[in-house]
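# Structural features, examined
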Amino acid sequence: MSTTTTTKPLSPSESRAAAASSWRVALGGIAIFGATRLAAIVLESTSMPSAVAQAVVAEWGGGRLGVAWSDPNAPLPTVATIGRRAGVGAVIGVVAAGMVVAFLASTEAVILERSALSASALVVALVTAGLYAMRDELLLHGLVLRALVTVPSPGLRVLACGMTSAAAAFGELGTSSPRAVVVQGMLGLVFGALWVRDRGAWAAWGAHSAWLFTSSLLMQGGVAESRVASSTWGGADAGPLGGSAAIVALLPLAVGALLGVTRGARQNHTD
């Protein structure tokens, strides 16, 4: 999906067409999101089929609304290029998860306890992470950027990605976990910035997949299980990513992502 915008003013007819296209994408995105939630409810007892169904719906619906994994205005990427983009994103996701978990553990927001490592469970966790990352990147970020393709400010487009991630988390978690909603919004800023910088989904998908897999591996029974402090700092019943500590840990990453795309846009404009 292209995130570039033209500086040439749009004619009245072009403006109307762009507005109509944005509304079509927005309304279509809501319908597709509802379809994925329905699939999640119907297949609630079977995690892997549920993840597959939601990813397929997101891919099909996103494609129909013009969301592409790579910039359609650029030459078709090679397999090596795709692998490099996804790999760079994966490194970012692993580093981000490691930094956050290290901060949570060092500030006693969580206490990590070793758990038994299962190879089969790791494979399932990796595949599931990739599928859920695919669903969320296409629905929560790809469609948003597609709808806002005529918005000239990359910072505003990234902020919109954060808002949709927060809104989705609010719908799923409710008001009982306000800090968890903020955390998901901050992650949306990071992944949305990768969309904008990479002009497509591969880096964001790689980062999101690696984030889900690594954070699960380190805190949810892969190599360690976390005991969450029963305070607003730790998160209590909201989990390790539902406390103030997680917000503090992610704040530099979210701010850095937003500033990065803003500075990049200024440099490109100057050049």
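Residues numbered from 1 in each chain as written. Predicted model: local features only at pLDDT ≥ 70, side-chain atom pairs only at ≥ 80, totals over all residues. Heavy atoms only, no water.

### Some remarks on the packing of helix H2 (residues 47-64) against helix H4 (residues 119-147)
Rule in force here: Lines fitted to the C-alpha atoms define the axes, with helices restricted to the stretch that makes contact. Angles between their N-to-C directions range from 0 to 180 degrees. Secondary structure follows DSSP: runs of H or I at least 4 residues long count as helices, runs of E at least 2 residues long count as strands, and numbering of each begins at the N terminus. In this scheme, roughly parallel covers angles under 35 degrees and roughly antiparallel covers those over 145, while 65 to 115 is roughly perpendicular and the rest are oblique. Left-handed describes a crossing whose near helix is turned anticlockwise from the far helix through less than a right angle; right-handed describes the clockwise counterpart. By the convention used here, residues are in contact when the closest approach between their heavy atoms is within 4.5 Å. Classes in brief: Ala, Val, Leu, Ile, Met, Phe, Trp, Tyr, Cys and Pro nonpolar; Asp, Glu, Lys and Arg charged; the others, Gly included, polar.
Axis separation between H2 and H4 bottoms out at 9 Å; the angle between their running directions is 30°. With respect to each other, H2 and H4 are oriented roughly parallel. As H2 runs across H4, the sense of the crossing is left-handed. For the pair H2 and H4, the contacting residues are Ser47, Met48, Ser50, Ala51, Val52, Gln54, Ala55, Ala58, Glu59 and Gly62 in the first and Val124, Val127, Thr128, Leu131, Tyr132, Met134, Arg135, Leu138, Leu139 and Leu143 in the second. In the contact of H2 with H4, the residues fall into 13 nonpolar, 5 polar and 2 charged.

### Quick word on helix H7 (residues 202-219)
For clarity, the cut-off: To estimate how far a helix should reach, multiply one less than its number of residues by 1.5 Å. Between buried and exposed lies partly exposed: a residue is buried under 20% and exposed over 50% of the maximum accessible area for its type, with that area taken using a 1.4 Å probe on protein chains only.
Between the first and last C-alpha of H7 there are 26 Å, a value that for 18 residues agrees with the 26 Å anticipated at 1.5 Å per step. Summarising burial for H7: 15 of the 18 residues are buried, a large majority. Phi turns positive one or two residues past the end of H7, at Gly221, with a value near 100°.

### Considering the pattern of salt bridges
Using the following cut-off: The salt bridge definition used is simple: a Lys or Arg side-chain nitrogen within 4 Å of an Asp or Glu carboxyl oxygen.
What the rule picks out here adds up to 3 salt bridges. The salt bridge partner of Glu113 is Arg227, with a shortest N-O separation of 2.6 Å. You can see Glu113 sitting in strand E1 (residues 110-114) and its partner Arg227 sitting in strand E2 (residues 224-228), a full 114 residues away along the chain. Among the ionic pairs, Asp136 bridges to Arg135, the shortest N-O distance being 2.8 Å. Across the pair, Arg135 and Asp136 agree in class, each one buried.

Read these as geometric descriptors, not functional statements.
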